[in-house]
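Each chain, written out:
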Protein chains: 2
Amino acid sequence: MPNTKAGQTVQSVERALAILKTFSNGEPELSVSQISSRLKMPKSTVSRLLATLQAHGFVVQDAETGRFRLGAELIALVHSAIAGLQVHHVARPHLRQLANTLGETVSLSVLDGHDAVNLEQFVPTQRLVMRVGWVGRRMPAHAVSVGKVLLAFLPSEELDQLLDQQMEPLTPNTITNPTTLRRELHRIRQQGYATAFEEFEEGLHAISAPIHDHTGRVIAAISVSGPAYRLTRERIADIIPTVLETAQRISWEMGYMVEETNR
Amino acid sequence: MPNTKAGQTVQSVERALAILKTFSNGEPELSVSQISSRLKMPKSTVSRLLATLQAHGFVVQDAETGRFRLGAELIALVHSAIAGLQVHHVARPHLRQLANTLGETVSLSVLDGHDAVNLEQFVPTQRLVMRVGWVGRRMPAHAVSVGKVLLAFLPSEELDQLLDQQMEPLTPNTITNPTTLRRELHRIRQQGYATAFEEFEEGLHAISAPIHDHTGRVIAAISVSGPAYRLTRERIADIIPTVLETAQRISWEMGYMVEETNR
DNA sequence: AACATCGTTTCACAATATGGAACGAGAGGC
DNA sequence: GCCTCTCGTTCCATATTGTGAAACGATGTT
């Protein structure tokens, strides 16, 4: 890590950004005076900053009302921001926090062929949460919770190609029957998450939820896993909302939009 | 209109915005030095501005590489920007320009029940392009090009509900047969635009293309219309790319994404 | 017609942003 | 292990640059 960094900031820029953020709070159109009073800045300053933002297309001024809206340049910026968005970058801080609050292993995985591949993993030690772990580790998709989530949200043609292969049993609980798996995947799609109780390894429980990208496709999944004696079925039932919320927050930052808002 | 406005801008803010825009050009991750040399600013200035942007979450610094990426706050901003996006606001400048280059009437319409409703219209007079016109005017959807586009991209259940009604002929060319219309709508979906030659009014030709919102749904359509003697079938064939491009640009600004870029 | 209210502009002042140089921390080469 | 290169951040004297009260001009309202 480079230097320690201790917050040296530029006032005028801070104010300009504060103005931009004002548009987030519901109202999409704001007048100079409104912003001025809300942020307690002199009108002249607000006007000048808005003019600067407008020069770059970050806001536009309605020709007749004189009020301001967020501009197309911002959208352009985010188009490319989203294009360059890496799941594991976005997810990392959320994973760390989840590992912290739950005190269990948290991972992020994607599907590669028949396997789920770990992209990121946080394991809690005595006090702090370590990053490393089995990054890059491959696990048969049908036997782990992340894998089942990723399969569940696959386009049906792609799923068909994968399911005609032989599925190895890793424990007595591993699902090996294609029909059983299909039914399980259907249930997972319905409820929005997957669980696995000793299907991959004896004494190992896990729960997993999908991550969507901006097109709505499921591109990855997060999972919480731990020893069966600690991560009991009851405890898993309790943490479902937490896990789902984390997954949704990551999806949201990836540009996934749920609501239908336009007129 | 208020005062004339003559570009008084704030340097530091301009620089900060310029830094943000640097991320658009392909590379999603940039180092202080890269930005510094690309924009020809001293490293210290860039570092300070980035620190300010980071304090507001507009950029984030990768903990290990020290480089910067666009931050989640930007995405949050755009989420709300898009939510408050009004089609006619976004479309207006594009419509004006299209009317200018073609010298024909350009309008923006949405579907309301069986009718296409004008939201915005630009008609070219001798030299300049006037805004007003029949805003709010309703036209039977099956008889105009915009209407046909809007019908063509409707979910099939909704379409079925609309098509069982009687369709009035307005000229000898008006499509009144449901089967014929269905075939026409299919063709429109295929080619991405619709034309209408004297189907609504004798001597009136028109071409229309759809506008998508960020979810991909078709929420409006633009059209170019004019007298048959001037807007001939040949001329319409020529301007198809122009019209399509304008429509796509508007869709893009509404948050519609075409490409699939994520990893 | 007089009056609010709007957004923009002016202008004198000094607060604030600037940038060259120094600093501390990694990375890589020898 | 030591040296060197490059990275991002911090320092600090300087004056450039942003600031805000008040004036301005244009709209719409009473």
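Reference entry: report on the structure contained in this document.

1. Section: the side chain of B:Arg69
Alright, step 1. Within the secondary structure, B:Arg69 sits in strand β2 (residues 68–70).
Alright, step 2. By relative accessible area, which is 13% here, B:Arg69 ends up buried.
Alright, step 3. Looking at B:Arg69, its side chain comes within polar contact range of the side chain of B:Glu29, at 3.2 Å.
Alright, step 4. Sequence-distant contacts of B:Arg69, that is, excluding residues within four places in its chain, are made with A:His89, B:Phe23, B:Pro28, B:Glu29, B:Phe58, B:Val59, B:Val60 and B:Asp62.

2. Observations regarding the interface of chain B and chain A
Alright, step 1. Contacts between chain B and chain A engage 67 residues on the former and 66 residues on the latter.
Alright, step 2. Here chain B meets chain A over a buried area of about 6300 Å², counting both sides, of which 63% is carbon and sulfur.
Alright, step 3. At the boundary of chain B with chain A, the tally comes to seven residue pairs in polar contact (both at pLDDT 80 or more).
Alright, step 4. In terms of residue count, the dominant contributor to the side of chain B that touches chain A is helix α4 (residues 72–83) of chain B (twelve residues).

3. Focus: the pairing of strand β4 (residues 115–124) of chain B
Residues and elements named next belong to chain B.
Alright, step 1. With seven of ten residues buried, β4 is to be regarded as a mostly interior element.
Alright, step 2. With seven bridges joining them, strand β3 (residues 105–112) and β4 adopt antiparallel strand pairing. Bridging from a neighbouring strand, Val110 pairs with Val117 of β4.
Alright, step 3. Once β3 ends, the chain turns through two residues before running back antiparallel as β4, passing Gly113 with a positive phi of about 65°.
Alright, step 4. Alignment of β4 against strand β6 (residues 138–140), held across three bridges, turns out to be antiparallel. Each bridged residue has a counterpart across the sheet, and for Ala116 the counterpart in β6 is Met139.

4. Quick word on the relation of the copies chain B and chain A
Alright, step 1. Of the transformation placing chain B onto chain A, the axial shift is 0.0 Å and the rotation is 180°, giving an RMSD of 0.1 Å. The relationship between the two copies is best expressed as a two-fold rotation axis. Considering only C-alpha atoms, the residue of chain B closest to the rotation axis is B:Val13, which sits at 2.6 Å.
Alright, step 2. The overlap is high: 99% of the interface residues of chain B also sit at the interface in chain A, so the same surface is used on both sides.

5. Quick look at the packing of aromatic side chains
Alright, step 1. In total, this model carries zero aromatic pairs over all chains according to the counting rule given.
Alright, step 2. The residue whose ring lies beneath A:Arg233 is A:Phe197, and the NZ or CZ to ring-centre distance is 4.0 Å.

6. Observations concerning the pattern of salt bridges
Alright, step 1. Within the structure shown, the criterion is met by 24 salt bridges over all chains.
Alright, step 2. The partner of A:Arg235 in a salt bridge is A:Glu104, and the shortest N-O contact between them spans 3.0 Å. Placement of A:Arg235 in helix α9 (residues 233–253) and of A:Glu104 in the loop between α5 (87–102) and β3 (105–112) is noted, with a sequence separation of 131 residues between them.
Alright, step 3. Under the relative-accessibility criterion, A:Arg235 is labelled partly exposed at 25%.
Alright, step 4. Across the salt bridge formed by B:Glu184 and B:Arg187, the nearest N and O atoms sit 3.1 Å from each other. Within this pair, B:Glu184 and its partner B:Arg187 are both found in helix α8 (residues 178–191), separated by three residues, close to a single helical turn.
Alright, step 5. The class of B:Glu184 is buried, set by a relative accessible area of 12%.
Alright, step 6. Relative accessible area serves as the criterion here: at 41%, B:Arg187 is assigned to the partly exposed category.

What counts as what
- Residues numbered from 1 in each chain as written.
- Chains lettered and ligands numbered in written order.
- Predicted model: local features only at pLDDT ≥ 70, side-chain atom pairs only at ≥ 80, totals over all residues.
- Heavy atoms only, no water.
- Helix = DSSP H or I, 4+ residues; strand = E, 2+ residues; numbered from the N terminus.
- Buried < 20%, exposed > 50% of the residue type's maximum accessible area, 1.4 Å probe, protein only.
- Polar contact = N/O pair within 3.5 Å; in protein donor to acceptor, adjacent residues only side chain to side chain.
- Contact = heavy atoms within 4.5 Å.
- Buried area = accessible area lost by both parts, 1.4 Å probe.
- Pairing = 2+ DSSP bridges.
- Least-squares fit on C-alpha atoms with pLDDT ≥ 70 in both.
- Phe/Tyr/Trp six-rings, centres within 6.5 Å; stacked < 30°, edge-to-face > 60°.
- Lys NZ or Arg CZ within 6 Å of the ring centre and 35° of its normal.
- Salt bridge = Lys/Arg side-chain N within 4 Å of Asp/Glu carboxyl O.

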